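# Observations on chain architecture
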Amino acid sequence: MPEISTLSEGIFEITRGKKQLATRNLDPGTTVYGEKLFSVEGSEYRTWDPRRSKLGAMVLKKFKIPLKRDSKVLYLGAASGTTVSHVSDIVSDGAVYAVEFSPRTMRDLIGLAARRRNVYPILADAGKPGTYAHLVEPVDVVFQDVAQPNQAEIAARNAARYLKSDGHLLLAIKARSIDTAANPKQVFRDEVKKLEQAFEPKFEILNARDLKPYHEDHLGVLAKLKE
Amino acid sequence: MKLEAWFGTLDLCEDGKVLASDLFSKNVRELALRSLSLREPGKGIPPAGFELRSAALACGFVESPEEYDFLLHEVTLEAAKLQVSGAITPDQRIILAVEALDDINETVNVLSERLSEWYGGYFPESGLSGEALALFVAKYGSRKNVDPENPLSAKAADSMGAELETLDEALIKGFATSVCSLYDRRKQIEAYIESSMENIAPNLSLLAGPMLGARLISIAGSLKKLAAFPSSTIQVIGANKALFKHLRSRAPSPKHGIIYSHPMINTAPWWQRGKISRAVAAKLALAARMDLYSGEKVPSLAEKLDAKVQQIRAMNPEPPQKKQGDGMKSKPKGKKKRRQ
């Protein structure tokens, strides 16, 4: 029988031989990307692969994940919905506004959203937050994984419009998509500085850590609005 | 102040209270179409931090937060489906065809080699390979069946190959038939790409040839993206490894990416190739833009490219002299001929 312990609200650690990250499945009986399902004490859990999800890696890197059961999340760069599915598990009574720009990956995301009532798929450019202003309400968390050279600016623009004043920003910075040639460490320093100073609103960085060994040259950042 | 929400048009007073509202019907499809029409940034974007949910409750569009969730979920899902179904444009179809072609090429090469290995044991003297071999095996099977008019009949008669038994013959013949049909499929896809390129990118097709043009669109992601590329990018598309090596270290910059397959470049002597690549890329960038924005064929573009290339050939008839340093002391640097 696997043992289960809580790491953060809605995020669990399953121990059966080895330790594995997991969330409680909102869509019992269905796997999203081939992850394993476990039934413990009448609930079904889905294992969460930190190598395929930057948020999963951030949990293991001891970030304090600001997601609660009723959180509303604006998820930029939803892709096929691997991580979105876990966020949707965590915020079971909340909402995930999942913004994705590519129609190809949106196909998979639609399949996911059709089975999960708290996922709202939006095919739009995260760099233009005004284009989904008629759909998205203020949120508690902006999560961003867009791998764009101007991702700090994109985060700031979305936070300005949608993030509640006590909300949090979670983002994954991919050094290689900001500058292929530069040293990743330097890129991380520059990007963090940009978040702190360059745009409106400015952020206060609560935590910033390299996501090694789960993701190469990625930095995870947790921030809140500067008062 | 008026603003547009997914459920209706609202009129707000200064303190954010809803004064009046013009609500839509609760038809999911209508709401989804309406939502798509609101994507264009225009007037009536809700202000930052606007509480859509409480406004929807306040003006009586929905009775409970649950109803709001349910309806918004249906609407966003429907809108996304509408967008996805409209996403396959003519250039996307070309890209899919190019990708299918690459897969077929790879497969057909592997299978052809397998066939040549396999049939070689029974008729090593045939000297055939690729499609010719596949056609030959599919037609005759064992070399005993080669008809006398075939030029290979004499060789077939006194081959040192083993006898092909009935069971093996059926197997190998079936295999060869499959390979033949893959070659046919390849021709079909090539013809498709040629005719579609003529329609959606006539200038690019004229200057680069339909296959190279299609590949450029495929790597760029769409004709629109290709048209937005500077010509220097077009020049090195496909030479990623060499380009990043150049950017990271002191490696020489690549002279050409996939445009190397352009006949003007790959037939040129090495010292002219970089210059011609640059000229070709410049005109390809123009061609892509013309195709995207006007769609009309402009034959003068090809003439200008010809003239430019003639000029490059005339100006650089001889290979450049390698710089002679002080005898044995230094090797010439950065003069090494290197391809991607």
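Residues numbered from 1 in each chain as written. Chains lettered and ligands numbered in written order. Predicted model: local features only at pLDDT ≥ 70, side-chain atom pairs only at ≥ 80, totals over all residues. Heavy atoms only, no water.

A few words on the nonpolar core. Generally speaking, nonpolar side chains in soluble globular proteins are found buried as a group. The biggest cluster of nonpolar side chains holds 59 residues, and the ones touching the most others in it are A:Leu74, A:Tyr97, A:Tyr132, A:Val136, B:Trp6 and B:Phe7. Take this core: its biggest share by element is 6 residues, from helix α4 (residues 151–162) of chain A. Ignoring anything within four residues of it in the chain, the contact list for A:Leu74 reads A:Tyr97, A:Val99, A:Tyr132, A:Val136, A:Val139, A:Val141, A:Val142, A:Phe143, A:Asn158 and A:Tyr162. With 41 residues, the next largest nonpolar core counts B:Ala97, B:Ile200, B:Leu207 and B:Ile259 among its residues. (Core = buried A, V, L, I, M, F, W, Y, C linked by side-chain atoms within 4.5 Å. Buried < 20%, exposed > 50% of the residue type's maximum accessible area, 1.4 Å probe, protein only. Helix = DSSP H or I, 4+ residues; strand = E, 2+ residues; numbered from the N terminus. Contact = heavy atoms within 4.5 Å.)

Glancing now at the pairing of strand β2 (residues 11–16) of chain A. Residues and elements named next belong to chain A. Sheet topology note: the strand β1 (residues 3–8)/β2 ladder contains 5 bridges and is antiparallel. Bridge pairing in β2 places Thr6 opposite Phe12. Here 6 bridges tie β2 to strand β3 (residues 18–24), and the two strands are oriented antiparallel to one another. Note on β3: the bridge partner recorded for Arg16 is Lys18. In this antiparallel pair of consecutive strands, β2 and β3, the connection spans 1 residue, and Gly17 shows a positive phi of 80 degrees. (Pairing = 2+ DSSP bridges.)

This next bit is on the interface of chain B and chain A. Across the contact, 30 residues belong to chain B and 27 residues belong to chain A. In total, chain B and chain A occlude about 2400 Å² of area from one another, counting both sides; carbon and sulfur atoms represent 64% of this. At the boundary of chain B with chain A, the tally comes to 1 salt bridge. Note that B:Arg53 and A:Glu137 form a salt bridge whose closest N and O atoms lie 2.7 Å from each other. Counting the contacts that link chain B with chain A gives 11 residue pairs in polar contact (both at pLDDT 80 or more). Those elements that provide at least two residues to the side of chain B that touches chain A are β1 (2–5), α2 (52–58), α3 (65–85) and α12 (240–248) of chain B. Per-element accounting of the side of chain B that touches chain A gives the leading share, 10 residues, to α3(B). (Buried area = accessible area lost by both parts, 1.4 Å probe. Salt bridge = Lys/Arg side-chain N within 4 Å of Asp/Glu carboxyl O. Polar contact = N/O pair within 3.5 Å; in protein donor to acceptor, adjacent residues only side chain to side chain.)

It is worth spelling out the pattern of salt bridges at this point. Counted by the stated rule, this structure contains 22 salt bridges over all chains. As a salt-bridge pair, A:Lys194 and A:Glu191 come within 2.8 Å of each other at their nearest N and O atoms. Here A:Glu191 and A:Lys194 lie together in helix α6 (residues 184–198), a separation of 3 residues that amounts to about one turn. Linking B:Glu78 and B:Arg29 is a salt bridge whose minimum nitrogen-to-oxygen distance equals 3.0 Å. In this pair, B:Glu78 sits in helix α3 while B:Arg29 sits in helix α1 (residues 28–37), placing the two residues 49 residues apart along the sequence.

On to helix α9 (residues 210–220) of chain B. All names here are of chain B. Within α9 the residues assigned to the buried category are Leu212, Gly213, Ala214, Leu216, Ile217, Ser218 and Ala220. For α9, the elements touching its buried residues are α4 (90–120), α7 (166–200), α8 (202–208), α10 (223–228), α11 (231–236) and α14 (270–293). Positive backbone phi, at 110 degrees, marks Gly221, one or two positions downstream of α9.

On to the layout of surface pockets. Space inside the largest pocket adds up to approximately 1300 Å³. As for the largest pocket, its lining consists of 33 residues, and the residues nearest its centre are A:Phe101, A:Ser102, A:Pro103, B:Ala87 and B:Gln92. Of the residues in the lining of the largest pocket, the class split is 14 nonpolar, 9 polar and 10 charged. (1 Å grid on protein atoms, 1.4 Å probe; cavity = no way out; pocket = protein on both sides within 12 Å on 5 of 7 lines; lining within 4 Å. Points joined across faces, edges and corners; volume = space filled by probe spheres on them. Nonpolar A, V, L, I, M, F, W, Y, C, P; charged D, E, K, R; others polar.)

Right, let's get into the domain arrangement of chain B. Residues and elements named next belong to chain B. Split by domain assignment, chain B resolves into domain 1 (2–87), domain 2 (90–195) and domain 3 (201–315). On a C-alpha basis, the centroid separation for the pair domain 2 and domain 3 is 35 Å. Each partner contributes to the interface: domain 2 provides 12 residues, whereas domain 3 provides 10 residues. A combined buried area of about 810 Å² lies between domain 2 and domain 3, and 67% of that area is made up of carbon and sulfur atoms. For domain 2, the biggest contributors to the area lost against domain 3 are Asp91, Ile95 and Val98; these three give 46% of the whole. Linking domain 2 with domain 3 are 1 salt bridge. (Domains from an automatic or database assignment.)

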